[in-house]
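Survey of secondary and tertiary structure
Given next are the chains, with one letter for each unit.
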Amino acid sequence: MRVHSLNCGTMGSAGPGEPPAVCHCLLIETDADGLVLVDTGLGLLNVKDPVGSLGEDFLGWAAPVLRSEETAVRQVERLGFAASDVRHVVLTHLHRDHCGGLPDFPDASVHLHAAEYDAALPGEGIYLNAAYAHGPKWVTYDGAAGDEWMGFTGVRELDGLPEILMVPLLGHTPGHVGVAVQAENGWLLHAGDAYFHRHELREDGTWPEGWDQLQARAETDRAQRLANRDRLREAVRRPGGPVVFSAHDPVEYARRA
Ligand SMILES: [Zn+2]
């Protein structure tokens, strides 16, 4: 399967000496059912109405540049496809910088963990429901079923998309997941916001403290998140293990783009 890495939202500084943070999304050309987008990043509604669709608080701490040419839909079109070719969207979670482009793909099925759906749908607290007010075609997955994969548990193939796995990485939010794809050169694992900075995957890593502050502000279960980060550290050391990247690390994105 051909897998494209797209930056669908450049944001403010990722720390001293770092390039600006990104919203790293994947566009997958599947054999099973057209195009699959993993996270949407920011969308056209966010560019048109930043305050209404993202909120003053998000604009303050994330400082997104908000360019329409960075939205997933415009990048899909530049690759020669139509928005309607995106049959599925898989979300790591429903924070604003991960689902902002949903209204640009109104016909897509939107796959996510049931606990994330339950937490986010009221659109309260850290969640803002502008991106899903149009009523997407939700496909939810509960946490009870699933298999073991690369040291992770509760891993599910997506309905109708056997080449793509939902990998529960709970803790950043109640239903936060990673998404694994078997690409031409091996497994990729989009880890969403399970961690932010690439050095977090090293036992002896150091990273800008701003990332820890941001994580502390957002995360709903710290112990769970850190346990999942440990699993990610182990997974990248496995022979044949996945290439892992977070949603926002600009250097990890540059390696893939
Ligand atoms: Zn995020």
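Residues numbered from 1 in each chain as written. Predicted model: local features only at pLDDT ≥ 70, side-chain atom pairs only at ≥ 80, totals over all residues. Heavy atoms only, no water.

**Re the pairing of strand β9 (residues 161-168)**
Buried residues dominate β9, accounting for 6 of its 8 residues. When strand β8 (residues 152-158) meets β9, the two strands line up antiparallel, connected through 3 bridges. Bridge assignment links Leu158 to a residue of β9, and that residue is Leu161. Hairpin connection between β8 and β9: a loop of 2 residues separates the two successive antiparallel strands, and Gly160 in this loop has a positive phi of roughly 80°. Direction of pairing for β9 relative to strand β10 (residues 177-183): antiparallel, over a ladder of 5 bridges. Bridge pairing in β10 places Val167 opposite Gly178. (Buried < 20%, exposed > 50% of the residue type's maximum accessible area, 1.4 Å probe, protein only. Helix = DSSP H or I, 4+ residues; strand = E, 2+ residues; numbered from the N terminus. Pairing = 2+ DSSP bridges.)

**Description of the UniProt feature "domain: Metallo-beta-lactamase" (unreviewed entry) in the protein chain**
The feature "domain: Metallo-beta-lactamase" (unreviewed entry), as annotated in UniProt, sits at residues 22-248 in this numbering. Its end C-alpha atoms 5 Å apart, residues 22-248 is made of 27% helix and 26% strand. (UniProt positions renumbered as here; feature names shortened; annotations may be inferred.)

**Examining the sheet that holds strand β1 (residues 2-7)**
The strand order β1-β2-β3-β4-β5-β6 describes an open sheet built from 6 strands, whose pairing is mixed. Each of the sheet's edge strands pairs with one partner strand only, and the pair in question is β1 and β6 (137-141). Here the average twist between neighbouring strands, direction ignored, is 20°. Relative to strand β5 (residues 109-113), strand β4 (residues 86-90) is paired through 3 bridges, and the arrangement is parallel. Across the sheet, residue His88 finds its bridge partner in β5, namely Ser109. (Axes fitted to C-alpha atoms, helices over the stretch in contact; angles between N-to-C directions.)

**Brief notes about empty space enclosed by the protein**
Under the criterion given, the structure shown has 2 cavities of 30 Å³ or more. Considered as a void within the structure, the largest cavity measures approximately 50 Å³ in volume. Lining the largest cavity we find Cys8, Gly9, Leu42, Gly43, Val47, Leu66, Arg67, Glu70 and Thr71. Tallied by class, the residues present in the lining of the largest cavity amount to 4 nonpolar, 3 polar and 2 charged. Here the second largest cavity defines a volume of roughly 40 Å³. Contributing to the lining of the second largest cavity are His113, Tyr141, Asp142, Gly143, Ala145, Gly154, Arg156, Met166 and Pro168. Secondary structure elements with two or more residues in the lining of the second largest cavity: β8 and β9. (1 Å grid on protein atoms, 1.4 Å probe; cavity = no way out; pocket = protein on both sides within 12 Å on 5 of 7 lines; lining within 4 Å. Points joined across faces, edges and corners; volume = space filled by probe spheres on them. Nonpolar A, V, L, I, M, F, W, Y, C, P; charged D, E, K, R; others polar.)

**A look at the coordination of the zinc ion**
Each protein donor to the zinc ion is listed here as Asp97 (OD), His98 (NE2), Asp193 (OD) and His248 (NE2); together their distances run 2.0 to 2.4 Å. Considering all 4 donor atoms around the zinc ion, angles at the metal cover 80 to 162° and the coordination shape is irregular. Written as a sequence motif, the donor residues of the zinc ion are D-H-x94-D-x54-H. Taken together, the residues span a long stretch of sequence, with Asp97 in helix α5 (residues 96-99) and Asp193 in the loop between β11 (186-190) and α7 (209-218) at a distance of 96 residues. Comparing Asp97 with Asp193 shows no difference in burial state: the two are buried. (Donors = N, O, S within 2.8 Å, 3.2 Å for Na, K, Ca; no water. Tetrahedral: all angles 85-135°; square planar, octahedral: opposite > 155°, others 65-115°.)

**Quick notes on the sheet that holds strand β12 (residues 243-245)**
Strand order in this open sheet of 6 strands is β7-β8-β9-β10-β11-β12, and the pairing throughout is mixed. Either end of the sheet is taken by a strand with one partner, and the two such strands are β7 (147-149) and β12. Neighbour to neighbour, the strand axes of the sheet diverge by 35° on average, direction disregarded. When β11 meets β12, the two strands line up parallel, connected through 3 bridges. Along β12, the bridge assignment pairs Leu188 with Val243.

**What to know about the pattern of salt bridges**
Under the counting rule described, the total for this entry stands at 15 salt bridges. Arg67 is the salt-bridge partner of Glu70, the closest N and O atoms lying 3.5 Å from each other. You can call Arg67 partly exposed: its relative accessible area is 39%. For Arg222, the salt bridge identified is with Glu219, shortest N-O distance 2.8 Å. Overall, Arg222 belongs to the partly exposed group, its relative accessible area being 45%. Residue class for Glu219 comes out buried when judged on its relative accessible area of 13%. (Salt bridge = Lys/Arg side-chain N within 4 Å of Asp/Glu carboxyl O.)

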